[in-house]
Amino acid sequence: MQSLLVVKNLTKKHPSGGASHLFKELNMEVRLKDSIAIQGPSGHGKSTLLRVLASLEGDHSDCLALHGRSVSAWGPCEWRKKVCYVPQQPALVPGTIEDNLTLVSKLHHRKFDQKLAAKLIDEVGLGELDWSQDAAALSGGQKQRIQLVRSMLLESDILLLDEVSSALDAQSKLAVEATLKKWREDKGVALIWVTHEQDQAKRVANRFWYLENGVLTSDTIEKDGHLPPQDEAVSTGGEM
Ligand SMILES: Nc1ncnc2c1ncn2[C@@H]1O[C@H](COP(=O)(O)OP(=O)(O)OP(=O)(O)O)[C@@H](O)[C@H]1O
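My aim in this report is to walk through the structure given alongside it, one point at a time. Everything numeric here is computed off the predicted structure, so don't read it as measured data. Per chain, residue numbering runs from 1 following the sequence as it is written. With pLDDT at 70 or above as the cut-off, local features in this predicted model cover only qualifying residues; side-chain atom pairs require 80 or more to be listed or tallied, and sums for whole chains, interfaces and linings still use all residues. Only hydrogens and water are removed before side-chain values are computed, so all heavy atoms of the structure are retained for them.

**Here we look at the packing of helix H6 (residues 114-123) against helix H8 (residues 170-187)**
The description of two helices packed together rests on the angle between their axes and the distance between the axes. Inclusion rule: Helix axes use the C-alpha atoms of the stretch in contact, all axes being lines fitted to C-alpha atoms, and the angles between their N-to-C directions lie in the range 0 to 180 degrees. Only runs of H or I of at least four residues qualify as helices and only runs of E of at least two qualify as strands under DSSP, and these elements are numbered from the N terminus. For classification purposes, angles smaller than 35 degrees are called roughly parallel, those larger than 145 roughly antiparallel, those between 65 and 115 roughly perpendicular, and all remaining angles oblique. Between two residues, a contact is recorded if the distance between any of their heavy atoms is within 4.5 Å. Polarity classes work like this: nonpolar for Ala, Val, Leu, Ile, Met, Phe, Trp, Tyr, Cys and Pro, charged for Asp, Glu, Lys and Arg, and polar for all others, with Gly in that last group.
One way to put it is that H6 packs onto H8 with a least axis distance of 9 Å and a crossing angle of 140°. Our classification of the angle between H6 and H8 gives oblique. Here Leu-116, Lys-119, Leu-120 and Glu-123 of H6 come into contact with H8, specifically with Ala-175, Thr-179, Lys-182 and Trp-183. In terms of residue class, the contact of H6 with H8 is built from four nonpolar, one polar and three charged.

Okay, structure coming up:
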């Protein structure tokens, strides 16, 4: 399977300072259509790892390559369009739902694909919403889904999903999972999910990573009928 993102010797010091590392010398590869669940104890750096992969924290250009090009070769803004981080806490802009959905096209001077936006909104279970409604008045779970659809409209190569269904009821959670699964199949994107839910990880992922004490290990169980080329998602020498 074709490689999208290659990570080599990625090291991140603990944000609290000192000599300790959140993770050290991580090596991994993300392939086309991968769906990877990252799990591990709270506070061991899962969200930080996603933000680093999205080039939102520190300068790790030498360690990250997308389609064989580093962050600095793409430029950080272009990189973030291609490797999109979706945070757990919705960060909607002031204004209506429509203002939020059209934000990506406005920022990137693209035509807004209303039909696609409406389809995705419907699929995640928000088909009844009036787009002229104030986004601030939405529930936490509705905001999470608006933010997710807004990110999907960027049509990135990789979506980094940081507990993106944590505020949802069981039915809405399944709707979001199904929407993302279809998106991955249709668009060939890769999904990386941070989730604390073992059941969700099993439902959505074909590869499983575990981050603890600075070490990322991979579980080679694979669904979807393909085997990993190597047990490549294994880091070395982590320390806290
Ligand atoms: N801005 C920051 N300033 C100081 N420390 C930070 C900052 N961001 C994260 N940390 C610390 O870095 C460590 C890793 O945090 P991170 O949120 O990446 O962990 P996590 O595995 O995603 O946790 P959780 O499962 O609870 O979401 C934690 O000890 C956290 O307190």
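Moving on from the coordinates now.
**Some thoughts on unusual backbone geometry**
A positive phi angle, close to 60°, is found at Ser-55, a residue other than glycine. At His-109, a position not held by glycine, the phi torsion is positive, near 50°. For His-109, the position within the fold is in the loop between helix H5 (103-107) and H6.

**Overview of the nonpolar core**
Here is the rule we go by: We call a set of buried Ala, Val, Leu, Ile, Met, Phe, Trp, Tyr and Cys residues a nonpolar core when their side-chain atoms join them within 4.5 Å. Partly exposed describes any residue whose relative accessible area lies between the buried limit of under 20% and the exposed limit of over 50%, with all areas from a 1.4 Å probe on protein chains only and scaled to the type maximum.
Among the nonpolar cores identified, the biggest contains 37 residues, and Leu-101, Ile-146, Leu-159, Leu-161 and Leu-180 are the most heavily contacted of them. Of all the elements in the fold, those that place two or more residues in this core are strand S6 (83-86), helix H4 (97-101), H6, helix H7 (140-152), strand S7 (158-162), H8, strand S8 (190-194) and helix H9 (198-204). Sequence-distant contacts of Leu-101, that is, excluding residues within four places in its chain, are made with Phe-112, Ile-121, Trp-131, Ile-146, Val-149, Arg-150 and Leu-153. Judged by nonpolar contacts, the second largest core, of 32 residues, contains Leu-50, Val-71, Leu-211 and Leu-216.

**Quick word on the pairing of S6**
Filter applied, for reference: When DSSP finds two or more bridges between two strands, those strands count as paired.
Burial of S6 is two-sided: the residues Val-83 and Tyr-85 facing one way and the residues Cys-84 and Val-86 facing the other way are all buried. Here four bridges tie S6 to S7, and the two strands are oriented parallel to one another. The partner of Tyr-85 across the bridge, within S7, is Leu-160.

**As for the sheet that holds strand S2 (residues 21-31)**
Taken together, four strands build an open sheet; the order of strands is S2-S1-S4-S5 and the sheet is antiparallel. Taken across any chain shown, the strands that pair with only one partner, and hence form the sheet edges, are S2 and strand S5 (69-70). Direction of pairing for strand S4 (residues 64-66) relative to S5: antiparallel, over a ladder of two bridges. Bridging across to S5, Leu-66 finds its partner in Arg-69.

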